[in-house]
Amino acid sequence: MSKRALVTGVTGQDGAYLAKLLLDKGYEVYGLVARRSSDTRWRLRELGIESRINYLEGDLADACSIQRAVIKAKPHEIYNLGAQSFVGSSWDQPVTTGIVDGLGVTHLLEAIRQFSPEARFYQASTSEMFGLIQAEKQDESTPFYPRSPYGVAKLYGHWITINYRESFNLHASSGILFNHESPLRGIEFVTRKVTDAVARIKLGKQRELRLGNIDAKRDWGFAGDYVEAMWLMLQQDKADDYVVATGVTTTVRDMCQLAFAHVGLDYQEHVVIDPQFFRPAEVEVLLGNPGKAERQLGWRPTTSLESLIQMMVEADLRRVGRE
Ligand code: NAP
Ligand code: G4F
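Chemist: Sorry if this is basic, but what is going on with a nonpolar patch on the surface here?
Modeler: A cluster of nonpolar side chains, namely Val 95, Ile 99, Leu 103 and Tyr 156, defines an oily patch on the protein surface of about 340 Å² accessible area. If one sorts the elements of the nonpolar patch by residue count, helix H4 (residues 94–115) sits on top with three residues. With respect to the secondary-structure elements, Val 95 resides in helix H4.

Chemist: Can you help me understand the packing of helix H6 (residues 190–202) against helix H10 (residues 305–322) in this one?
Modeler: Two measures define how a pair of helices packs: the angle their axes make with one another and the distance between the axes. Contact geometry for H6 and H10: axes closest at 8 Å, N-to-C directions at 50 degrees. Taken together, the axis directions place H6 and H10 in an arrangement best described as oblique. Crossing hand, H6 versus H10: right-handed. Here Thr 191, Arg 192, Thr 195, Asp 196, Val 198, Ala 199, Arg 200 and Lys 202 of H6 come into contact with H10, specifically with Ile 309, Met 312, Val 313, Asp 316, Leu 317, Arg 319 and Val 320. Taken together, the residues of the contact of H6 with H10 break down into seven nonpolar, two polar and six charged.

Chemist: Please explain the site of ligand 2 as it appears in this structure.
Modeler: Near ligand 2, the surroundings consist of 25 residues, among which Thr 126, Ser 127, Tyr 150, Arg 279 and Glu 282 are the closest. Within the side chain of Tyr 150, a nitrogen or oxygen atom sits 2.8 Å from an oxygen atom of ligand 2. Contact with the protein chains removes 95% of the 720 Å² of surface that ligand 2 exposes when unbound. Of all the secondary-structure elements, those providing two or more residues to the shell around ligand 2 are H6 and strand E8 (209–211). Residue composition of the shell around ligand 2, grouped by class: eleven nonpolar, six polar and eight charged.

Chemist: Is there a simple way to think about the site of ligand 1 in this case?
Modeler: The local shell around ligand 1 holds 24 residues, among which Thr 11, Asp 14, Ser 85, Tyr 150 and Lys 154 are the closest. Between ligand 1 and the protein, one listed contact pairs an oxygen atom with a side-chain N or O atom of Thr 11 at 2.7 Å. Between an oxygen atom of ligand 1 and a side-chain N or O atom of Lys 154, the distance comes to 2.8 Å. Contact with the protein chains hides 88% of the accessible area of ligand 1, taken as 890 Å² for the molecule alone. Those elements that place two or more of their residues in the shell around ligand 1 are helix H1 (13–24), strand E5 (120–126) and helix H5 (149–168).

Parameters at a glance
- Residues numbered from 1 in each chain as written.
- Chains lettered and ligands numbered in written order.
- Predicted model: local features only at pLDDT ≥ 70, side-chain atom pairs only at ≥ 80, totals over all residues.
- Heavy atoms only, no water.
- Patch = residues over 30% accessible without salt bridge, like charges linked within 9 Å, V, L, I, M, F, W, Y side chains within 5 Å.
- Areas by Shrake-Rupley, 256 points an atom, 1.4 Å probe, with all protein chains shown as cover.
- Salt bridge = Lys/Arg side-chain N within 4 Å of Asp/Glu carboxyl O.
- Helix = DSSP H or I, 4+ residues; strand = E, 2+ residues; numbered from the N terminus.
- Axes fitted to C-alpha atoms, helices over the stretch in contact; angles between N-to-C directions.
- Parallel < 35°, antiparallel > 145°, perpendicular 65-115°, else oblique.
- Left-handed = near helix turned anticlockwise from the far one by under 90°.
- Contact = heavy atoms within 4.5 Å.
- Nonpolar A, V, L, I, M, F, W, Y, C, P; charged D, E, K, R; others polar.
- Near = heavy atom within 4 Å.
- Polar contact = N/O pair within 3.5 Å; in protein donor to acceptor, adjacent residues only side chain to side chain.

Here it is in structure tokens:
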């Protein structure tokens with residue numbers, strides 16, 4: 001009998017890669033999708049798996065729809081990847097972000113507790129919870145200091161996951177994932193905004209790229225590697241929390257330099273600093289220590305930032321070329 005997995009956020013970057021990984025392992029995959037006025041399945045199409053997913057309509061803000069999804073899917077494993085995931089928007093929609101990214105986790109945990117207590121649960125926590133960093137390299141014991149409504153909401157989701165594990169003995173794990181990117185990354189995030197612009201500038205369709213704080217530093221990895229870590233967490237006998245990162249941090253400026261240089265351009269001739277992209281409170285630097293995930297899960301990142309950015313620029317050159 002094949003295992004069943006329920007994935008919230010299946011139409012997102014990580015949801016698409018995770019669904020592909022699970023299907024390749026022989027799982028039956030149920031994907032929670034919120035009703036939208038236009039198509040959101042382009043990533044699943046790009047990976048060639050759109051028709052292989054069982055779609056269940058639901059929204060993390062709606063506890064009834066979450067209960068129904070858990071009852072219908074009867075999942076062995078549940079991956080909660082659904083979220084309002086863009087930090088910048090969390091100042092414009094702080095309440096929605098709090099409900100979906102924070103309370104939404106409780107909706108899911110309650111449904112598991114009542115209807116599927118044997119199911120294993122993965123919560124998509126984030127390095128954004130470290131915010132104003134309290135240690136040079138952040139690991140599972142570093143204190144949190146979130147700097148955005150998104151980070152605050154995710155911190156609630158993180159602690160409620162730990163609380164339900166301790167209160168009700170659920171197999172609930174939380175992955176504290178540092179930034180991870182891919183050709184399927186949303187266009188609003190800085191890596192994809194840059195690689196899309198590089199392709200457009202190279203092909204003569206755009207002249208400049210307007211960015212905010214390019215001195216910010218991030219620990220960037222490849223999303224395809226990171227979904228493997230999520231799956232590994234749910235294969236452990238005991239649920240736990242893990243930092244997933246590369247252990248290397250790079251400025252937005254240097255990431256830009258890599259992307260433009262890949263097509264023979266100088267970023268300094270195209271990047272314009274625009275204060276509209278500055279954030280009310282910034283996370284200046286993130287740098288993770290993935291030692292625990294390496295030791296206990298046997299997980300290791302396989303993709304350097306240089307090859308990740310090259311992969312993204314190449315994909316955007318193909319897309320823009322087709323337009
Ligand atoms: P993403 O591409 O923005 O995908 C988010 C997904 O959540 C989409 O499928 C979206 O559906 C869905 N969603 C949004 N609001 C929802 C709601 N109210 N109810 C149900 N689903 C909803 O994000 P991602 O990069 O794949 O990230 C996956 C998860 O990991 C998120 O929880 C994110 O916060 C977390 N995370 C990401 C990173 C990273 O660097 N990528 C790092 C740490 C943690 P639509 O397609 O319909 O909008
Ligand atoms: O790409 P970003 O928007 O990602 P951010 O804020 O780090 O959040 C991402 O990673 C988190 C994990 O740490 C996830 F939890 C979250 O869901 C999301 O996936 O911005 C990265 C950095 C920031 O410091 C930002 O200020 O790039 C800086 N930046 C500079 N100019 C810009 C821009 N970011 C964006 N999005 N757009 C700009 O024009």
